[in-house]
Amino acid sequence: MKFSYVNPTQIQFGQGQIASLGALIPKAQKVLVVYGGGSIKTNGVYDQVVAALGDHDWLEFSGVGANPTIEVLDKAVAIAKEQKVDFVLGVGGGSVIDGVKYIAAAAIYDGEGWDILQGKHKVTAALPLGAVLTLPATGSESNSGSVVSKAATQEKLAFMAPAVQPKFAVMDPDVMKTLPQRQLVNGLVDAWVHTCEQYLTFNAGALVQDGYAEALLKALKTLGDNFDKQDDAWRANLMWSANQALNGLIGSGVAQDWATHMIGHELTALYGVDHARSLAIVQPSLLRNQLGAKKAKLEQMGRNVFGLSESDDLAERTISAIEAFYHSLKVATQLTEHNGDKAQAVDAVVSQLEAHGMKALGENQAITLTESRAILEQAV
Ligand code: NZQ
Ligand code: ZN
């Protein structure tokens, strides 16, 4: 096992923590506050942010939608450049926080912003940024990843850079009270799949990473099973689980998969399927396709997370248990249950994967375009 691990994001967790914002951003810094379609205006989060920034010079940019597009984000980049902004604050879910990471990087880059997503420009510096999380799901509030779409070409690509790791993440579970049930389910499923992507690979004997991943999966399963019993503890547990699922810790020193995400991103870009729901479509089929390589960890998950008894088909039963968990949350595991164009979906996704160089996905680089096609044929 060999790894380098640091997570420098300061976490301000708990009720009332938005008030701590003022002390987290140096007073001399001019702040660009970025948010989405307006949920923060109706649930009191905006007012709390305004109160906390009372001593700061700040301006705002709104309208960053789900699966943020470069077309919208570039308008904020122009403002950040013109107004000589020093700090970018995202107030929202993964889309707003990912958007803020792009804005912070593009604000000090003079070339085409899409270069950042295509890897033509390697981000080594960015404006400092922070996050007020309103939707626990992605872990974006304390990681260095960002996913941005281009509406014009229906593409959705990611970049990672330590320079865009948030300086702080304010996580007040009370903000979740206004989340639609659909978004809460999305958050739970996304965090679940993030954990799986770093756990369901091959057995490396990493007792700490495996044990922590199993603790997160068991927590998420319990939260899912008690979805209709939401209280302060339920919300706090979901917010913390989703954060810990993708803050770099459980993936340190172990193999990582991420093929479900790469294929899922294409489904979102082409058919507008919610991010988490794209994962639930792809993952069961992908696990069945990769059963041979993932057998030992699937069996371990069956025993330790679902409490399944030993049998020769334990790995298959674990996949069925994952699928049943999604169905219990009323999450579809077939594209046909959404509005996707079934006839063309397989060809369209495979050709986008090819265009984006996604020809050897997974922990063993074993998911070629042929395997992706086979996975999709079972999943649509
Ligand atoms: O725009 P507003 O009005 O705020 O509404 C949002 C949005 O419509 C709403 N919402 C958020 N907080 C709310 C609320 N509504 C009521 N009350 C609140 N407290 O929820 C809707 C969805 O928000 P969004 O930010 O899109 O959801 P999520 O957090 O699931 O983020 C998804 C994006 O993150 C990317 C995904 O690909 C997708 O683009 N990901 C980012 C990752 C990362 N940076 O590490 C990893 C993930 O795997 C993922 O790919
Ligand atoms: Zn995800």
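See the structure shown above.
Conventions used here
- Residues numbered from 1 in each chain as written.
- Chains lettered and ligands numbered in written order.
- Predicted model: local features only at pLDDT ≥ 70, side-chain atom pairs only at ≥ 80, totals over all residues.
- Heavy atoms only, no water.
- Helix = DSSP H or I, 4+ residues; strand = E, 2+ residues; numbered from the N terminus.
- Buried < 20%, exposed > 50% of the residue type's maximum accessible area, 1.4 Å probe, protein only.
- Contact = heavy atoms within 4.5 Å.
- Areas by Shrake-Rupley, 256 points an atom, 1.4 Å probe, with all protein chains shown as cover.
- Lys, Arg positive; Asp, Glu negative; His and termini not counted.
- Charge placed at Lys NZ, Arg CZ, Asp CG, Glu CD.
- Pairing = 2+ DSSP bridges.
- Axes fitted to C-alpha atoms, helices over the stretch in contact; angles between N-to-C directions.
- Expected span 1.5 Å × (residues − 1).
- Bend = angle between axes of the 7 residues up to and from the residue.
- Core = buried A, V, L, I, M, F, W, Y, C linked by side-chain atoms within 4.5 Å.
- Phe/Tyr/Trp six-rings, centres within 6.5 Å; stacked < 30°, edge-to-face > 60°.
- Lys NZ or Arg CZ within 6 Å of the ring centre and 35° of its normal.
- Near = heavy atom within 4 Å.
- Polar contact = N/O pair within 3.5 Å; in protein donor to acceptor, adjacent residues only side chain to side chain.
- Nonpolar A, V, L, I, M, F, W, Y, C, P; charged D, E, K, R; others polar.
- 1 Å grid on protein atoms, 1.4 Å probe; cavity = no way out; pocket = protein on both sides within 12 Å on 5 of 7 lines; lining within 4 Å.
- Points joined across faces, edges and corners; volume = space filled by probe spheres on them.

1. A look at the overall build of the protein
Now for step 1: A count of helices and strands for the protein gives 15 helices and eight strands.
Now for step 2: For the protein, the C-alpha atoms occupy an extent of roughly 65 × 45 × 45 Å along the three principal directions.
Now for step 3: By residue count, 58% of the 380 residues in the protein fall in the buried class.
Now for step 4: If you take every contact in the protein between residues at least 6 apart in sequence, the share linking residues at least 24 apart comes to 78%.
Now for step 5: Approximately 15200 Å² of the protein is accessible, and the part contributed by carbon and sulfur atoms is 50%.
Now for step 6: Once the 30 positive and 40 negative side-chain charges of the protein are each reduced to a mean point, those two points are 2 Å apart.

2. Details of the sheet that holds strand β8 (residues 168-171)
Now for step 1: With parallel pairing, the six strands of this open sheet are ordered in space as β1-β8-β5-β4-β2-β3. Looking at strand neighbours, the two that pair on one side only are β1 (10-13) and β3 (58-61), the edges of this open sheet. Across the sheet, the mean angle from the axis of one strand to that of its neighbour is 20 degrees, orientation sign disregarded.
Now for step 2: Inspection of the sheet shows strand β2 (residues 31-35) paired to strand β4 (residues 87-92) by five bridges, in the parallel sense.

3. A few points about helix α11 (residues 275-289)
Now for step 1: Here α11 spans 21 Å end to end across 15 residues, near enough to the 21 Å set by a 1.5 Å rise per residue.
Now for step 2: Along α11, the helix axis deviates most sharply at Val282, where the bend reaches about 30 degrees; the proline Pro284 sits within four residues downstream.

4. Some points on the nonpolar core
Now for step 1: In terms of nonpolar packing, the biggest core is built from 68 residues, with Leu21, Leu89, Trp192 and Met301 touching the most fellow members.
Now for step 2: A per-element tally of this core places helix α7 (residues 181-199) first, with nine residues.
Now for step 3: Not counting residues up to four positions away in its chain, the partners in contact with Trp192 are Leu217, Leu220, Lys221, Gln283, Met301, Val305, Phe306, Ile322, Phe325 and Tyr326.
Now for step 4: Of all hydrophobic cores here, the second largest spans 32 residues; its members include Val34, Val64, Val100 and Ala161.

5. Quick notes on the packing of aromatic side chains
Now for step 1: Applying the stated criterion across every chain, the model contains six aromatic pairs.
Now for step 2: Look at Phe13 and Trp240: their rings are 5.7 Å apart centre to centre, the planes differ by 70 degrees, and that puts the pair in the edge-to-face class. Highlighted residues: Phe13 in strand β1 and Trp240 in helix α9 (residues 232-245), separated in sequence by 227 residues.
Now for step 3: The class of Phe13 is partly exposed, set by a relative accessible area of 29%.
Now for step 4: A relative accessible area of 37% places Trp240 in the partly exposed class.
Now for step 5: An aromatic cluster is defined as three or more aromatic residues linked by ring pairs; in this entry it consists of Trp192, Phe306 and Phe325.
Now for step 6: Just above the ring of Tyr46 sits the side chain of Lys41; from NZ or CZ to the centre is 4.6 Å.

6. Side note on the environment of Ser372
Now for step 1: On the secondary structure map, Ser372 appears in helix α15 (residues 369-379).
Now for step 2: A sequence separation of 13 residues divides Ser372 from Lys359, and the C-alpha atoms of the two residues are 8.6 Å apart.
Now for step 3: Each residue touching Ser372, except ones within four places of it in the same chain, is listed here: Ile263, Leu353, Leu361 and Ile367.

7. So, the site of ligand 1
Now for step 1: Of all residues adjacent to ligand 1, which total 32 residues, the nearest are Gly37, Gly94, Ser95, Asp98 and Lys156.
Now for step 2: Ser39 places a side-chain nitrogen or oxygen 2.7 Å from an oxygen atom of ligand 1.
Now for step 3: Interatomic distance of 3.3 Å between a side-chain N/O atom of Ser140 and a nitrogen atom of ligand 1.
Now for step 4: For ligand 1, whose free accessible area comes to 970 Å², the fraction covered by protein is 87%.
Now for step 5: When contributions to the shell around ligand 1 are tallied by element, the ones reaching two or more residues are α5 (94-106), β6 (145-150), α7 and α10 (259-271).
Now for step 6: Looking at the shell around ligand 1 residue by residue, the classes come out as nine nonpolar, 20 polar and three charged.

8. Considerations on α7
Now for step 1: The end-to-end C-alpha distance of α7, which contains 19 residues, comes to 27 Å, matching closely the 27 Å that a straight helix rising 1.5 Å per residue would cover.
Now for step 2: By the criterion of burial, α7 is predominantly enclosed, with 16 of the 19 residues buried.

9. A look at empty space enclosed by the protein
Unfilled space is identified by rolling a water-sized probe across the atoms.
Now for step 1: Within this structure, the stated rule accounts for two cavities of 30 Å³ or more.
Now for step 2: When its volume is computed, the largest cavity comes out at roughly 60 Å³.
Now for step 3: When the residues that make up the lining of the largest cavity are grouped by side-chain class, the tally is five nonpolar, two polar and three charged.
Now for step 4: What the second largest cavity holds in volume is close to 40 Å³.
Now for step 5: Lining the second largest cavity are Gln290, Lys294, Leu361, Gly362, Glu363, Asn364, Gln365, Ala366 and Ile367.

10. A word on the side chain of Gln283
Now for step 1: Position of Gln283 among the secondary structure elements: in helix α11.
Now for step 2: With a relative accessible area of 2%, Gln283 lands in the buried category.

11. Side note on the pairing of strand β5 (residues 129-133)
Now for step 1: Counting buried positions over the five residues of β5 gives five, a clear majority of the element.
Now for step 2: Side chains Leu129, Ala131 and Leu133 of β5 all project onto a buried face; the interleaved residues Gly130 and Val132 project onto the opposite face, where all are buried too.
Now for step 3: In the sheet, β4 pairs with β5 via five bridges, with the strands oriented parallel. Paired with Leu89 across the strands is Gly130, a residue of β5.
Now for step 4: The pairing of β5 with β8 spans two bridges and is parallel. Looking at β8, one finds that Ala131 is bridged to Ala169.

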